[in-house]
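# Observations on the three-dimensional arrangement
In case you want the letters, here they are:
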Amino acid sequence: MDITKFVVSHRENALLYGDYATYRAQLSRKLLNCRKKLNIATKSRGKFHPKAQITAEQISDNHEYLHLALLTAERTWAHAMSMKASHAADTKGMTSKTRSHIVSRLEKGARTAEKLADALSQDAVSGANPNDILEARAYAALLRGAANFEKQSWEDCIVSYAVARMIYSALSTSTKGDIYKDLLTDTIDPSIRYAAYQAKIPRTQPIPSIAKKAFAKADDDLVDRVKAVNPSVLEQGDVAMTGVAGAEGAPSTITWRSREVKIEDASIAVAWASVQTARAKLNERLSTAASLAPKDKAAAYDDILAATQDAVDATKQAIDELRGEGVTQSDPRMQSLQITRTAVNFEMISWRIGRNRVLAGELDGARATFEDLSKRKKKAQEAEQATERPKEEAPGRQIAKLKEKVVLYDGTLQSLETISELPGVANDQELFTRLQATSQYFTALKSLAIARSHSLAHNDANALALIQHALSQTESALPVLSSTTEESTPARNILVSASDIQTLHTLLNGELHRARALVEISQHNKNKKPTTTSSGGKPLIGQLANYPSSGQVNLDNIVVYPPKLEAIPVKPIFLDVAWNYIDYPEKQAAKVEKPQQRAEEQPQEEEKPKKRGWFGFGR
């Protein structure tokens, strides 16, 4: 029957281009058409007859009766929301008469939906499946909760919305689509949070815990129906909490720079518990899969990045709520939330930097391995390893991959700058110094990547200058990062270990000597004069057996640089002799074929007539 989809689709289509008054007018027209289909419409100038209650038999015979009840309930809801929206801009507020009118409309809609749910509950007659019955009960609870919300009956409002929340949470696991999740996040959860605030329920209790306690007051039949769909909802209070520390087991404090503060909001506690779970899963996966490609390792960071983003959003929402209540910055709750905000933002940016480091490649991209950052072609690599000399990529492709690394380093440097702007970071001298050293580390990596691109373009002087700059940045960061005492984990984050900075420093020293040698060679090639030799440009290594007639050796042409692939003579006479004594596979096949050919040729030779002399006379 798709009750929820029917209601949500009608709301979205109407509210996309209009308001609640337009939605109400559309529902009135659809109601008239529905009554005409059922032949129960009041004729023009006809006598009005009271509308009879919809029965289970009618729904079983024709589903239009189900749509009739839903459209009736929706029209009362649209009427109430239209009146509420028209008085939202009034500075004096809503009058008691208007509020009572809104409540009466919502009460009527709730009664209509509850009667429909009772009719569908007779599943033997109505033909409704368990999901249809649960959707009808949830829709009735949704309208009843809206009526209690307007009546400011907060306890009853929480119970009604808790029923809707538990049903929609259970149904979200059995069906595909985001209809139930959108209802939970956009309508039900904010209403429960506001009603809980008005009912003086502590903010430290999460919404799933509040809904679980309120749902215990529901009737046993509804509990059994929800348990039949998904029993874990009754235990956790929410499908998303499965496998995560619940409200009772969620952390109550958070530690930031050896300072422990109390978590003021339950949503932050639940989100922080999800972060800890995602962190453990990430470390476990990367520790057991060391041979993953960079792209696969980066994909493993998606869960923890989503979890940290949820924690950041929950902290921001809690701060905004306190500001809306008029809480000042000097309040202890606001101070704790500011520290929590810095901690969760630092955690999120730290894992974002770790993902960039994984994408850069081994040793943060310091080694000159031009692997595909998007997808590793294993078959091509295995084919290259099978050959004696692997195929080298073109300089253009190598420069393009170096550009990808530079983009990753730029994103990391921007993330480090964002951390420096977080509240309280600038005042922490130790942390600020370590952030500057980390920024110098990634600046050196960026300079190294740009230097390699210049070297591929034969700009040796520019490459030397960039490597010298990278080395100076590394030497500045080396004393700070070498004193790191924290243990490195399989999952990379913002922490740069002492081995990382030492490896980069050693590598840059070697690259500096190489760059200087290349600059010397290029300068020497530019300054040397063209000379003519009797050997026609043959290098000295190829004519060591010849004594120069002039007594002077041309040292400008010692070897061929860069070396070229050339054929080398290896005493061919020895190979010719060996051919007669070594049984090669091709030679054996030839021996087998020759006796067969000879046997076939012998009868042909015997059949040939003997040659005679001139005019047929024998000789």
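Residues numbered from 1 in each chain as written. Predicted model: local features only at pLDDT ≥ 70, side-chain atom pairs only at ≥ 80, totals over all residues. Heavy atoms only, no water.

Per an unreviewed UniProt entry, the protein chain goes by the name Signal recognition particle subunit SRP68 and belongs to Sordaria brevicollis. As its UniProt record puts it under Sequence similarities (unreviewed entry), the protein chain is described as follows: "Belongs to the SRP68 family." (UniProt positions renumbered as here; feature names shortened; annotations may be inferred.)

Along the protein chain, the regular secondary structure elements total 23 helices and two strands. For the protein chain, the proportion of its 619 residues judged to be buried stands at 39%. Nonlocal contacts in the protein chain, meaning residues at least 24 apart in sequence, comprise 71% of its contacts between residues at least 6 apart. About 37200 Å² of surface is accessible on the protein chain, with carbon and sulfur atoms providing 52% of the total. (Helix = DSSP H or I, 4+ residues; strand = E, 2+ residues; numbered from the N terminus. Buried < 20%, exposed > 50% of the residue type's maximum accessible area, 1.4 Å probe, protein only. Contact = heavy atoms within 4.5 Å. Areas by Shrake-Rupley, 256 points an atom, 1.4 Å probe, with all protein chains shown as cover.)

All right, on to helix α4 (residues 64-86) then. Given a rise of 1.5 Å per residue, 23 residues ought to cover 33 Å, and the 32 Å separating the end C-alpha atoms of α4 matches this to within 8%. For α4, a buried count of 18 out of 23 residues is recorded, marking the element as mostly surrounded by other parts of the structure. (Expected span 1.5 Å × (residues − 1).)

This part is about the packing of aromatic side chains. Taken as a whole and assessed by the stated rule, the structure comprises nine aromatic pairs. Look at W154 and Y194: their rings are 5.7 Å apart centre to centre, the planes differ by 75°, and that puts the pair in the edge-to-face class. A residue pair is termed long-range when its members are at least 10 positions apart, and W154 in helix α8 (residues 154-174) and Y194 in helix α9 (residues 179-198) qualify at 40 residues. The class of W154 is buried, set by a relative accessible area of 17%. Look at Y441 and F442: their rings are 5.1 Å apart centre to centre, the planes differ by 80°, and that puts the pair in the edge-to-face class. An identical accessibility class is assigned to Y441 and F442; each is buried. (Phe/Tyr/Trp six-rings, centres within 6.5 Å; stacked < 30°, edge-to-face > 60°.)

A few words on the side chain of S191. Positionally, S191 belongs in helix α9. The exposure class of S191 is buried, given its relative accessible area of 13%. Sequence-distant contacts of S191, that is, excluding residues within four places in its chain, are made with F149 and Y161.

For the rest of this paragraph, the subject is the confidence of the model for the protein chain. Summing up the model confidence of the protein chain, the mean pLDDT is 81 and the portion of residues at 70 or higher is 83%. Note on residues 239-247: pLDDT is under 50 here. Beyond four places in sequence and across chains, it has 22 contacts. (pLDDT = per-residue confidence, 0-100.)

Moving on, we get to the pattern of salt bridges. Taken as a whole, this structure holds 20 salt bridges when the rule is applied. E150 is the partner of R99 in a salt bridge, and the nearest nitrogen-oxygen pair spans 3.5 Å. Of this pair, R99 sits in helix α5 (residues 96-121) while E150 sits in helix α7 (residues 130-151), and the two are 51 residues apart along the sequence. Accessibility expressed as a relative area gives 27% for R99, which makes it partly exposed. Taking relative accessible area as the criterion, E150 reaches 5% and is therefore assigned buried. In this structure, D410 and K446 form a salt bridge, with 2.7 Å as the shortest nitrogen-oxygen distance. Of this pair, D410 sits in helix α18 (residues 395-420) while K446 sits in helix α19 (residues 429-456), and the two are 36 residues apart along the sequence. Each of E107, E114, R144 and K151 takes part in a single network of salt bridges with overlapping partners. (Salt bridge = Lys/Arg side-chain N within 4 Å of Asp/Glu carboxyl O.)

A grouping of K51, K108, R111 and K115 is seen on the molecular surface, where their side chains present a positively charged patch. Topologically, K115 is positioned in helix α5. The partly exposed category is assigned to K115, whose relative accessible area is 46%. (Patch = residues over 30% accessible without salt bridge, like charges linked within 9 Å, V, L, I, M, F, W, Y side chains within 5 Å. Lys, Arg positive; Asp, Glu negative; His and termini not counted. Charge placed at Lys NZ, Arg CZ, Asp CG, Glu CD.)

For the rest of this paragraph, the subject is helix α2 (residues 20-38). Helix length check: α2 (19 residues) gives 27 Å between terminal C-alpha atoms against 27 Å at 1.5 Å per residue, within 8%. For α2, every residue scored as buried is listed here: Y23, L27, L31, C34, R35 and L38. Viewed end-on, α2 has its buried residues packed into an arc of 105°, placing them on one side of the element. Turned more than 90 degrees away from the buried face of α2 sit R29 and K36, all of them exposed. The inward-facing, buried residues of α2 contact α1 (3-15) and α4. One or two steps after α2, the chain reaches N39, where phi turns positive at roughly 60°. (Arc of directions from axis to C-beta.)

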